[in-house]
Amino acid sequence: QVQLVESGGGLVQAGGSLRLSCEASGRTFSSYTMGWFRQAPGKEREFVAIIWGGGSTNYADSVKGRFIISRDNAKNTVYLQMNSLKPEDTAVYYCAARYRYSVTVNSGYDYWGQGTQVTVSS
């Protein structure tokens with residue numbers, strides 16, 4: 001069982017930055033593919049970013065060039081650095097972990113965090 005705890009959300013003005021963190025329990029963190037998702041009010045949850053165990057990354061087009069996903073396996077933590085934030089980035093952000101290797105980015109996750117609210121004011 002893996003537990004994921006997100007932190008770092010908050011209120012920020014448009015154009016600002018935030019860094020989200022997601023700390024995972026367990027001793028095999030480096031083997032997990034980690035993803036970030038978000039869900040805005042009235043909308044479905046959507047993929048934001050992914051980082052595979054080997055360090056490769058991929059991003060949704062809407063955040064490409066603004067967000068950076070990274071991981072520190074020694075700290076069992078994955079990060080999402082969010083720059084040039086826009087009001088449309090407002091959402092609850094979730095991290096997720098997937099043990100089985102897959103090239104897909106938005107399915108097959110085994111564990112989810114409780115989410116952290118990000119609000120971007122205009």
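Each chain has its residues counted from 1, following the order in which its sequence is written. Whole-chain, interface and lining totals are the exception, using all residues; otherwise, since this is a predicted model, local features are given only for residues with pLDDT of at least 70 and side-chain atom pairs are given and counted only at 80 or more. Side-chain numbers here rest on the full set of heavy atoms in the structure, without hydrogens or water.

Peer 1: Would you take a moment to explain the pattern of salt bridges for this structure?
Peer 2: Proximity of charged atoms lets side chains of opposite charge pair with each other. Salt bridges are counted wherever a side-chain nitrogen of Lys or Arg sits within 4 Å of a carboxyl oxygen of Asp or Glu. Applying the stated criterion across every chain yields a total of four salt bridges. The partner of aspartate 89 in a salt bridge is arginine 66, with the nearest N and O atoms 2.8 Å apart. Of this pair, aspartate 89 sits in the loop between β8 (77-82) and β9 (91-98) while arginine 66 sits in the loop between β6 (57-59) and β7 (67-72); the two residues are 23 residues apart in sequence, bridging distant segments of the chain. Burial status follows relative accessibility: with a 1.4 Å probe on protein chains alone, a residue under 20% of its type maximum counts as buried, one over 50% as exposed, and anything between as partly exposed. By relative accessible area, which is 10% here, arginine 66 ends up buried. Think of it this way: any DSSP run of H or I at least four residues long counts as a helix, any run of E at least two long counts as a strand, and we number them from the N terminus.

Peer 1: Where do I start with the packing of aromatic side chains in this structure?
Peer 2: Each aromatic ring pair is summarised here by two numbers: the centre-to-centre distance and the angle between the ring planes. In this scheme Phe, Tyr and Trp rings, the latter by its six-membered ring, pair at centre separations within 6.5 Å, and the angle between planes marks the pair as stacked below 30 degrees, edge-to-face above 60, and tilted otherwise. Taken as a whole and assessed by the stated rule, the structure comprises six aromatic pairs. By way of ring pairs, the aromatic residues Phe37, Phe47, Tyr109 and Trp112 are connected into one cluster. Here arginine 45 stacks its cationic end above the ring of phenylalanine 37, 6.0 Å away from the centre of that ring. Cation placement over rings: the criterion is NZ of Lys or CZ of Arg within 6 Å of the ring centroid and within 35° of the ring normal. Seen from the ring of phenylalanine 29, arginine 71 lies directly overhead, with NZ or CZ sitting 4.7 Å from the centre.

Peer 1: Got a minute to help me understand the nonpolar core in this structure?
Peer 2: Where a protein is soluble and globular, its nonpolar side chains tend to be buried together. Ranked by size, the top nonpolar core spans 38 residues in total, and within it Leu4, Met34, Trp36, Leu80, Met82 and Tyr93 carry the most contacts. Of all the elements in the fold, those that place two or more residues in this core are β3 (18-24), β4 (33-39), β5 (46-51), β7, β8, β9 and β11 (116-121). When checking whether two residues touch, look at their non-hydrogen atoms; a contact exists if any pair is within 4.5 Å. The contacts of tyrosine 93, once residues within four sequence positions are left out, are Glu6, Leu20, Trp36, Phe37, Arg38, Val48, Phe67, Leu80, Met82, Gly115, Thr116 and Val118. For the purposes of this section, nonpolar cores are sets of buried Ala, Val, Leu, Ile, Met, Phe, Trp, Tyr and Cys residues that join through side-chain atoms within 4.5 Å.

Peer 1: Teacher, can you tell me more about the side chain of aspartate 89 here?
Peer 2: Residue aspartate 89 is classed as buried on the basis of its relative accessible area of 1%. By the criterion applied in these results, polar contacts are pairs of N or O atoms within 3.5 Å in which, for protein atoms, one can donate a hydrogen and the other can accept it, and in which residues neighboring in sequence qualify only through two side-chain atoms. Only 2.9 Å separates the side chain of aspartate 89 from the side chain of arginine 38, close enough to count as a polar contact.

Peer 1: Which parts of the structure should I look at to understand the pairing of β7?
Peer 2: A regular strand places its side chains so that they alternate between the two faces of the sheet. Burial along β7 is one-sided: Phe67, Ile69 and Arg71 are buried, while Ile68, Ser70 and Asp72, pointing the other way, are not. At least two DSSP bridges between two strands are needed for those strands to be called paired. Relative to β8, β7 runs antiparallel, the two being bridged by six bridges. Bridged to aspartate 72 within β8 is threonine 77. Turn length for the β7-β8 hairpin, with the two strands adjacent in sequence and antiparallel, is four residues, and the turn residue asparagine 76 shows positive phi of about 55°.

Peer 1: Teacher, can you tell me more about the sheet that holds β3 here?
Peer 2: Picture the strands of a sheet paired through backbone hydrogen bonds; they go either parallel or antiparallel. Spatial ordering of the open sheet is given by β1-β3-β8-β7, a layout of four strands whose pairing is antiparallel. Both outer strands of the open sheet, β1 (4-7) and β7, are each paired with one neighbouring strand and no more. Pairwise comparison of adjacent strand axes, ignoring direction, gives a mean angle of 15° for this sheet. Orientation is described by lines fitted to C-alpha atoms, with helices fitted over the stretch in contact, and by angles between N-to-C directions that extend from 0 to 180 degrees.

Peer 1: Please clarify how the state of the cysteines should be interpreted in this entry.
Peer 2: Pairs of cysteine sulfur atoms within 2.5 Å are what we label disulfides. Going through the model one piece at a time under the given rule, you end up with one disulfide. Here cysteine 22 pairs with cysteine 95 through a disulfide, and the sulfurs are 1.9 Å apart. Taking the torsion about the S-S bond as the criterion, the cysteine 22 to cysteine 95 disulfide, at about 45°, is right-handed. Separated by 73 residues along the polypeptide, cysteine 22 in strand β3 and cysteine 95 in strand β9 bring together distant segments of the chain. For the pair cysteine 22 and cysteine 95, one class covers both residues: buried.

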